[in-house]
Every structure is written in structure tokens, then in C-alpha cells.
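Analysis of the macromolecular model
Spelled out, the chains give:
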There are 2 protein chains.
Amino acid sequence: MKTQLHRWLEQHREAGIELLQQMVRLPSTQGNEQSVQLLVAEQLRELGMVVEVWEPDGEALGTHPYFYSPRTQFAGSPNVVGVCQGTGGGRSLLLNGHVDVVPAGSLAQWERDPFSGAVVDGKLYGRGATDMKGGNAALLLALQAVQGIGLKLRGDVIFQSVIEEESGGAGTLAAILQGYKADAALIPEPTNLRIFPKQQGSMWFRIEVKGRSAHGGTRYEGVSAIEKSMIVLSHLQELEAQRNLRVTDPLYAGNPIPIPINIGVIEGGSWPSSVPDVVKLEGRMGVAPEEKLDDAKGEMQKWLALLPGKDPWFASYPPELTWFGARWVPGSVDASHPFMAVLMAQYREVSGQEPVIEASPWGTDGGLLTVLADTPCIVFGPGVTQVAHYPNEYIVLDDVFQVAEIIALTLLHWCGWDRMEA
Amino acid sequence: MKTQLHRWLEQHREAGIELLQQMVRLPSTQGNEQSVQLLVAEQLRELGMVVEVWEPDGEALGTHPYFYSPRTQFAGSPNVVGVCQGTGGGRSLLLNGHVDVVPAGSLAQWERDPFSGAVVDGKLYGRGATDMKGGNAALLLALQAVQGIGLKLRGDVIFQSVIEEESGGAGTLAAILQGYKADAALIPEPTNLRIFPKQQGSMWFRIEVKGRSAHGGTRYEGVSAIEKSMIVLSHLQELEAQRNLRVTDPLYAGNPIPIPINIGVIEGGSWPSSVPDVVKLEGRMGVAPEEKLDDAKGEMQKWLALLPGKDPWFASYPPELTWFGARWVPGSVDASHPFMAVLMAQYREVSGQEPVIEASPWGTDGGLLTVLADTPCIVFGPGVTQVAHYPNEYIVLDDVFQVAEIIALTLLHWCGWDRMEA
């Protein structure tokens, strides 16, 4: 069966590359996902799936506690879900991949058109090649290969092609609220073929640190918000250290900072010769796989309340903490979950190597599936994050096909199969 | 004579207030100085002065090492200089005041029209009332009073009404290059009637601190420019401490930071969940009265070169230092200078109190006069800096008239006098 799948994928390699090229050449940045979604929907119909295509209702979604998106209008941005009912008696599997890609950024940094889909030295180039159209193509190829060698799955397969992952997961949330769930889920985000049963969550925060303005020549008459923000920054470093000391999960072994607190933006003052009266810090707080977002928020808030112990200024002028923008729900699937065993076995079978099991250092839509849809989700896919979101993003095509083979075998072993009647 | 001057100023109080109101009501922000300059020129002509009104030649000025302005076109922004030739045998005095005012800023913070000139409870309100039209009015009143009581000065008086002080002194520089100089100079910037024989200089700088970008979830793969900037900031605090330890001038007694290094602006990163790869710091370096600008620049540059000793990162990625924008030349007049004695005596005579002698915590055009025009300049005037550049700027009118009286007496005692022929 492995041999048959492998041969089928080799024989359909050109078509598979063309499919991925087609997907990458459709620049599906936020608001522009329709073309690629219609392409995916067509692929799902060709697989005989019952396909639902719908534009999420932003008004209704907007009231959900897990909703985040900078927009509430999704006209022209459809979600696509295909369902293949099994022949019965097997376990169901949910496959999920997002089609939205981050903007190309500065064109000057790209060596070719960001949406070229060019194939050079076994790599396919373009925004979204790694994050995550390469993974999506692997899913489609896996389903095609299973069908191609004449097998039918016993369990249901649900294929979710979603929007909005890059902006906080509103696409997957909408699909969950549509009622889709399964016995397990797989998202082929770029893990470089490592298996991530756990995913870090994250939330964005803003802290406003206050000072008091004065002329720079008599700066001692004021209070520099920049100096005060230095205290806040080192205070946050201590919180990060404390939180990471608590992370004993062996999946994080070797990771120097499993759940980082990253300060990404600092901005304060407006005039070189004035004492700045406010500094804004913006950052991302990593949330442990088993942690609740609200607990992490509470810990940060309580920690900032300790600042007056470091500097009495903060008793009168406490920094203001707000949570804003994107956040990703963490996810955790137990290593003993039967889907893990199936996936690991197929990885060994195809690669001949022992799989690397880790916890992801970033959030995916997997947290929503695991926590909200009661569908334990594992992340495993081709591509390396080092090129995601960067100029000259690419994916190694061999990895796409190897992942397709592993997923095809996983589908067969998880869902069970019957031979098609001739 | 003091009694006569005092009586004259009391009798002409209403006219004096109206003159200051007229000046404040002309909103002479940068580029809009013409109306108030023509008013001043008219006042000088009425005093019998020979008046020169000219728009500085930005092209020619621009090549001067002491030139700084964000513009090189001064059409509509004339300088005004009036000269009153003395009867002979006396010392000359240069009086200098700037007419440019900083913008009103947010109108919401003003209780009334920023250019109202309204008089309430002995205070005259409006942008520029303190900085420094109140001082300019005091100069004009002093000259009027001397003439009013029938006296003629033996030494020459040069009255400079200049533009561009707020932007780096191009107006005074232009007047100096026109050839005006004298045995001493006085600038009535708002010292709150303290006498400043020395003035701090200052320069603006920018430091770019470098990091290396990475995703916030794996922030250990990057180098945070924000964390590196914390090291740079504390390194600069040490430099400030070292420089101020060297300041032993008793005129700075009681000043906690005679020559501050103020960081006014910090800006870095653009995305909460990315590691920021660059942080920009902008600040103002105070320069001691006897220090040379270039020496201070060199010290800062050398100090930053020590950073690799604190963190080897800086050996590969040294912060970039640039000097930009405004700078003010420091000035220093020896306490034993005879003009000091004359001014101090008149202060005692009018106020009945011992004068407070200090060094200014900010730059004025006095440094240019002292250093470049060889005209030792002392700063002494009405008004408090706490309201300068702020909403609801005002000046206490009694202070304007007291300073006018002190300056009138100073003119008489410095320049010498003769009684006018009837």
C-alpha cells in the first residue's frame, strides 16, 4: 500500500506541482481569498466531496469570546469545507489548512515576483508556499492518492480550507460554529516534518508607561517615561523567566524560552529636548499549551501590580495594560492519544526515521479545534518557519510529497479502508 | 534718577501693557514674524534709532559652521536692528530678543485664544508672553523711559529683534555676520529675574541601536534592539553622571544635573510579535558653558565606542550616532566682568534684594554673541520658564516693569549719560 501510494505520487508529481503553483499564483492576502478558495472547492468536488462554500457572518461571529479579526465583513472571503462520508465503521479525521497569506512586503527584497510559483532547484517560490499552501497541497495530494490507488475510507473526512488564520483564526472559528468536528484533526502548518501535539498560544498586549514632561535642560523637574519603561521591561523579563521555569513539559526540552514574552514595539516622546511623558510598549505573550488565556492575562496584570515595590512612582502612575489585536488559543493533545501513535507510525514507515515530537513555539488554529470543537488537533507539515512571512519564501517540493505520503497512510490507518469495487 | 524712571514707568504703564498686547496678538511663529518685526522697527524709529530691516540670506548663512535652521529661505521673516549712536565716551550695549514663538499646540488645552493678550489679575496671557515678548517689551520700555526722563546715553545702544531663536539661532547669527557687536550684551529671556552670566549649550543627537529580527514565538533566535537599547540607555546615564561630576562651577550649586543628557524620543519595532531589529533614540546633550560643542560630540562618540565592553553584540553591531537638528552654543561671562557688577547693582537698587546668580539650564542666543561676536552676554529677564512653550503661557506684568526699570538704570550706568538740552 505504501509502495502503491509512493508510486502514485511519483506518477502525479507534475500535476501536484502545478496545483501548488496555481494556488501560490493566486495572491490570497486578507480580503482576496476567493479565487484560491474556488480552486480548492473544485478540487474537493473532484474528490467526490460534498462542499460547502460560505462567507462567514461577521456580525454573529463578532460576539463570540474567541473571535478576533481586524474586520467583521467577510464578503469575498469564503470559507470552504468538503465532507467525504466514510463507508462506515471508521474514525473521522478533520484536515485543516488556511489559504490566507501575509502581504508580500517590500518588493525590493524579493528576487522575483512574490507570487511567481517559480520552481528552482526543487524549491517552489512564492508568498504562502510554506505558510501554508504547501501543506494544503499535501492534504489534497494525500486524498487524491488514496482514491488513486482504489481505496475508500471507512471514517468521514472533513477538509477545512479556511480564511483568517493569520489574523486570529476567525475562519476556523466560523467552521467550528458551523458544527464540523471529528475524532482527530491535523493541520499541516510548516513544522519541518516535526510532530507538534501541543501548540503555544499567544496574545498581544499594550502597556502605557507614564512619566511627567519637562524641558530637557531641567530634566530633573520631570520624570522620564523612557527611564520608567526600562524598569517595566526588566520587570517583564523577570515574569518571562518565572513563567518559563514552570514549563517542565519534555516537549519543550532544548527550547531556551518555551513561552516568551516578546516586546515588539516601543514608542515614546516626540521631541528630543523634552522629557517624554508616555511610552507605549506592544508585545506578544506566549501562552503554554495547557494554560488558559485568561489565567495568563491575570498573571501579567498581577505582576505589573508589583511594580510599586520596585519604584514608588508606579503606585501613583500605574502602567496601563490592555489586550488588543490578535490572539491564538493554545492547544494540547496528550502524547498517548491514539492519533499520535498512528501518525508517528506512518512517519517512521515513510521516512525510516524516528519522528521529532515537540511543542510549537507559535499558535495555530489547532487550539480552537482542540479546545472549542473537542477535536484533538496535531500539527505536522512540510516547510520551515524561517522562510514564512519573509521575502523569497519557498518550500522544498520533496517535503510536500513526503508529507502527502505520510498523511495518505495516516488517513488509511486512522479512518480504516475498503477496496473500491471495480 | 531711579525715582524719575519709576514714576515714568508708572505713568506709562497702560501704554506699555498695550504695546506688549500688540506684540503678543501678532502670532509670530516661524515664518510669520514680519508683522511683529515691523511693529518693533516702528518703535525703534520713534526712539530715534537708525533701523535696519532685512531678510537674512539663507544661502550665505547656510555655509556657516554655527548655522542651524530647518529652513534656508527667510522671505517674510525679517531681522530688525536699531542703532542709537551715543553722545560719546561711554560703553556700548547690545540688547537682543527674539520675536519668534513656538506654535500654540493643541487649542483644547488653552483656556482662551492663544494669542489673546488678555490681562487677568496682573498677568498677560498668550503664546510668547513669557518667551520672550515680555522681555522685549521691557527693553523697549527701558529705552523709552531713559528718553522720557530727558537723558541721552554716551555709549551706543544696539537693539536686535531677531527671528529663529527657537530653531537654533539663525537670526542672531545673521545679525552678528552683519557686523553688530558691543562691549556687552543683555538678553531678557525668562530667568525669573535671576542673572545668568553662563548659559548651557545643547545639541540634538540620534542613536540607532541594532538588533536582529525573528518571530516573537522564537525570540531567542533574534536579538531584541529594545533590550540592546536598554544597555545603551544606562550607558548614557553613566556618561551623564561622569560629565556632571566634572561640573564644579558654584553657579550650578543646587542643580542636580547641570548638563543633562535627555532622551526625548524612543521608537523601535513595528509588530508586537516580531523581535525588533532597530531602535531609534533621539535626545539633547547639554554642553557646559566653557565646553566646546565638538569636544562634547567627541566625548559621546568615544563613550559609545566602549559599549562592546558591556555587551559583545555592540562590537559587531555598533550603534550609529548622528548629530541633527538644533544646537545652541554655550556661553560664559566671567563673574568679575564689569557689566555683571553694573547689572547686579541696579538689581539691588530696584528690588532691594540680593540678586540670584546662576547658570542657565538651557541655551540662548547669548552663546553666539559671547563666542562669535566677542560680545559678553548676560541673560536676565522677566517670566518663568515653567510656562514657556506650554498652554496658557502668561507673564506677570509687575515683573516686566521691574525688569524695565533695572535695565533702564543699567543702560545709564553702563553707557553713561548726559542730560538732554531743553
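Residues numbered from 1 in each chain as written. Chains lettered and ligands numbered in written order. Predicted model: local features only at pLDDT ≥ 70, side-chain atom pairs only at ≥ 80, totals over all residues. Heavy atoms only, no water.

Moving on: the sheet that holds strand E5 (residues 123-125) of chain B. Residues and elements named next belong to chain B. One open sheet holds the three strands; their spatial order is E4-E5-E17, and the pairing between them is antiparallel. Edge positions in the sheet fall to strand E4 (119-120) and strand E17 (394-396), since each has one partner strand and no second. Across three bridges, the pairing between E5 and E17 is antiparallel. Across the sheet, the residue bridging to Tyr-125 is Tyr-394, located in E17. This element, helix H5 (residues 129-148), spans E5 and E17 of the sheet and lies at about 45° to E17. Contacting E4, E5 and E17, helix H12 (residues 397-415) runs over the sheet at an angle of about 60° to E17. (Pairing = 2+ DSSP bridges. Helix = DSSP H or I, 4+ residues; strand = E, 2+ residues; numbered from the N terminus. Contact = heavy atoms within 4.5 Å. Axes fitted to C-alpha atoms, helices over the stretch in contact; angles between N-to-C directions.)

Let us now look at the nonpolar core. Judged by nonpolar contacts, the single largest core of 108 residues is most densely connected at Ile-207, Val-232 and Leu-281 of chain A together with Ile-207 and Leu-281 of chain B. Not counting chain neighbours up to four residues away, the residues in contact with Leu-281 of chain A comprise Phe-205, Arg-206, Ile-207, Val-209, Val-232, Leu-233, Ile-263, Val-265 and Ile-266 of chain A. (Core = buried A, V, L, I, M, F, W, Y, C linked by side-chain atoms within 4.5 Å. Buried < 20%, exposed > 50% of the residue type's maximum accessible area, 1.4 Å probe, protein only.)

Right, let's talk about the environment of Cys-84 of chain A for a bit. One can find Cys-84 of chain A in strand E2 (residues 79-84). If near-sequence neighbours (up to four positions away) are discounted, Cys-84 of chain A is found in contact with Met-49, Gly-155, Asp-156 and Val-157 of chain A.

Sites flagged by UniProt as "domain: Peptidase M20 dimerisation" (unreviewed entry) map to residues 199-305 of chain A. Across residues 199-305 of chain A, helical content stands at 31% and strand content at 27%; the span's end C-alpha atoms are separated by 29 Å. (UniProt positions renumbered as here; feature names shortened; annotations may be inferred.)

Let us look at the pattern of salt bridges. Residue and element names in this part refer to chain A. Under the defined criterion, the tally for this structure stands at 44 salt bridges over all chains. Between Glu-33 and Arg-71 there is a salt bridge, with its nearest N and O atoms 3.0 Å apart. With Glu-33 in the loop between helix H2 (13-25) and helix H3 (34-46) and Arg-71 in the loop between helix H4 (58-61) and E2, this pair connects stretches of sequence that are 38 residues apart. With relative accessibility at 0%, the residue Glu-33 sits in the buried group. (Salt bridge = Lys/Arg side-chain N within 4 Å of Asp/Glu carboxyl O.)

Let us look at the domain arrangement of chain A. By a frequent convention, interface size equals the accessible area lost on bringing the separate parts together. Residues and elements named next belong to chain A. Parsing chain A into structural domains produces domain 1 (2-199 + 330-419) and domain 2 (201-327). Contacts between the two partners involve 19 residues from domain 1 and, on the opposite side, 14 residues from domain 2. The junction of domain 1 with domain 2 conceals about 1,200 Å² of combined surface from both sides, 57% of it contributed by carbon and sulfur atoms. Summed over the three residues of domain 1 that lose the most area to domain 2, namely Tyr-68, Lys-198 and Pro-330, the buried surface amounts to 41% of that side. In this structure, the connection of domain 1 to domain 2 is made through two salt bridges. (Domains from an automatic or database assignment. Buried area = accessible area lost by both parts, 1.4 Å probe.)

Before going further, it helps to examine the relation of the copies chain B and chain A. Overlaying chain B with chain A gives an RMSD of 0.1 Å, the required rotation being 180° about an axis along which the chain moves by 0.0 Å. On the angle and the small slide along the axis, the relation comes out as a two-fold axis. Using C-alpha coordinates, one finds that chain B approaches the rotation axis most closely at Glu-267 of chain B, a distance of 2.2 Å. An overlap of 100% is found between the interface residues of chain B and their copies at the interface of chain A, pointing to a shared contact surface. (Least-squares fit on C-alpha atoms with pLDDT ≥ 70 in both.)

Moving on, we come to the packing of helix H5 (residues 129-148) of chain A against helix H12 (residues 397-415) of chain A. Residues and elements named next belong to chain A. Where H5 contacts H12, the two axes come as close as 8 Å, and the packing angle between them is 50°. Judged by the angle between their axes, H5 and H12 are oblique. When the axes of H5 and H12 are compared, the crossing they make is right-handed. Where H5 abuts H12, its residues Gly-134, Ala-138, Leu-139, Leu-141, Ala-142, Leu-143 and Val-146 lie against Val-400, Phe-401, Val-403, Ala-404, Ile-407, Ala-408, Leu-411 and Leu-412. Residues of the contact of H5 with H12, tallied by class, amount to 14 nonpolar, one polar and no charged. (Parallel < 35°, antiparallel > 145°, perpendicular 65-115°, else oblique. Left-handed = near helix turned anticlockwise from the far one by under 90°. Nonpolar A, V, L, I, M, F, W, Y, C, P; charged D, E, K, R; others polar.)

All names here are of chain A. Spatial ordering of the open sheet is given by E4-E5-E17, a layout of three strands whose pairing is antiparallel. One side of each edge strand has no neighbouring strand; the edge strands of this open sheet are strand E4 (119-120) and strand E17 (394-396). Note that E4 and strand E5 (residues 123-125) share two bridges and pair antiparallel. Bridged to Val-119 within E5 is Leu-124. Contacts from H2 reach E4, E5 and E17, with the element oriented near 20° to E5. Packed onto the sheet, H12 meets E4, E5 and E17 and runs at close to 60° relative to E17.

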